Amino acid sequence: MKIDRRRALAGAAMLGLGAGPAFGQTSRRVRRGASSLSATSDDVVAFGEGVALMKRRRDARSWSRQNTIHARNGQHNNGLFLPWHRLQLAHLERIIAELTGHTSFAMPYWDAQEHQTLPSWVTAPDALLYERQRARGVDVLDFNAARWARSPYMARLTSDGFETFAGKLPDGAGMVEGYGHNYIHELVGGLMRRLTTAATDPIFWLHHCNVDRVWATWHARQAANIYPADWTSRTLNGFVGGQGEDTGDWRDGNMLRTRSLGYAYDHLYPFPVFSAPDAGPPGATRREPLGGVVYQMHAGGEPGRDDMSVN
């Protein structure tokens, strides 16, 4: 009997099997950090071309449709925040790959701690990923300093339990959403500050790619049974696939490993320790030293001033 490969793959996706082949690919996508990419990097070019093409469409694969999906169906302030956004991001990758012909496209991630300022390929006015509705001065803002100035709290990737890290059901945001995610939306400003428009700014996708990377890092440090049974049995739906199709139901328990969705990160989150009193005040971030000389720095600022002093 001859098997129709396209129908078989579509069926796997509808069942929410969460394996790489369910997305119709044989190689794994590698998501890379913004600081390692330039305006001419293949993934940056593909993202810009994809956004431009999607903005001209009026069908299921349009840019406005992705924003509507997020505005109407996006899970926030509960334990489904991480898997829901993981799925939307994975589906967007397939849409861009299909529309642009960059078949191995992987969404770049922007880490505001590791790459303190936004990449120039989203802030230059002539860039395809530029959005004019952002906060004043955002193109030169040190997001790492600004984020820590807002709050000393952050997810602890080595010690947070599931509900503390990911959130509770039916309500209750986890640390990664409430303190690692929300502040970036506020600091970018403009469209990113409103649920109804956030996904229309390309920074949204770079930021959520890093949020997903934080989850991947936490997951790698946890026991296999850390996920509650009632959480793993939940299903999510309403996503649009690479051909514009409804991709059906996806079970949370099948989305715990990025390789199940056909992608990986070039490296996981490099800041595993938070709130380390021996390295600074509560909330300070410590990178484990690999050798050499370690310098301690103190930064200070005055209310109402934009500058800081560093010793």
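Residues numbered from 1 in each chain as written. Predicted model: local features only at pLDDT ≥ 70, side-chain atom pairs only at ≥ 80, totals over all residues. Heavy atoms only, no water.

K.L.:
Tell me about the nonpolar core, residues and numbers included.
P.N.:
If you look at the biggest cluster of nonpolar residues, it comprises 69 residues, and the most contacted ones within it are F47, M107, W110, F143, F165 and W205. Filtering out sequence-adjacent residues up to four positions away, F165 remains in contact with L82, A155, L157, D160, G174, M175, V176, V214, W215 and W218. (Core = buried A, V, L, I, M, F, W, Y, C linked by side-chain atoms within 4.5 Å. Buried < 20%, exposed > 50% of the residue type's maximum accessible area, 1.4 Å probe, protein only. Contact = heavy atoms within 4.5 Å.)

K.L.:
Which residues make up the packing of aromatic side chains, and what values go with them?
P.N.:
Using the criterion set out here, one finds 14 aromatic pairs in the structure. Where W63 meets W205, the ring centres are 6.1 Å apart and the plane angle is 50°; that geometry is what we call tilted. Note that W63 is positioned in helix α3 (residues 63-73) and W205 in helix α10 (residues 202-220), a separation of 142 residues in sequence. Residue W63 shares its accessibility class with W205, and that shared class is buried. Pairing Y263 with Y265 gives two aromatic rings, centres 5.8 Å apart and planes at 90°, and the pair type is edge-to-face. Each member of the pair, Y263 together with Y265, is buried. Members of the aromatic cluster, each reached through a chain of ring pairs, are F162, F165, W215, W218, Y227 and W231. (Phe/Tyr/Trp six-rings, centres within 6.5 Å; stacked < 30°, edge-to-face > 60°. Helix = DSSP H or I, 4+ residues; strand = E, 2+ residues; numbered from the N terminus.)

K.L.:
Can you explain the environment of G241? Please cite residues and give values.
P.N.:
Examined against the element boundaries, G241 turns out to sit in the loop between β2 (235-236) and β3 (250-251). Looking at G241, the relative accessible area reads 2%, which means it is buried. C-alpha of G241 to C-alpha of E98: the two residues are 143 residues apart in sequence and 9.8 Å apart in space. Each residue touching G241, except ones within four places of it in the same chain, is listed here: R61, H91, I95 and T247.

Read these as layout, nothing more, since geometry by itself doesn't imply function.
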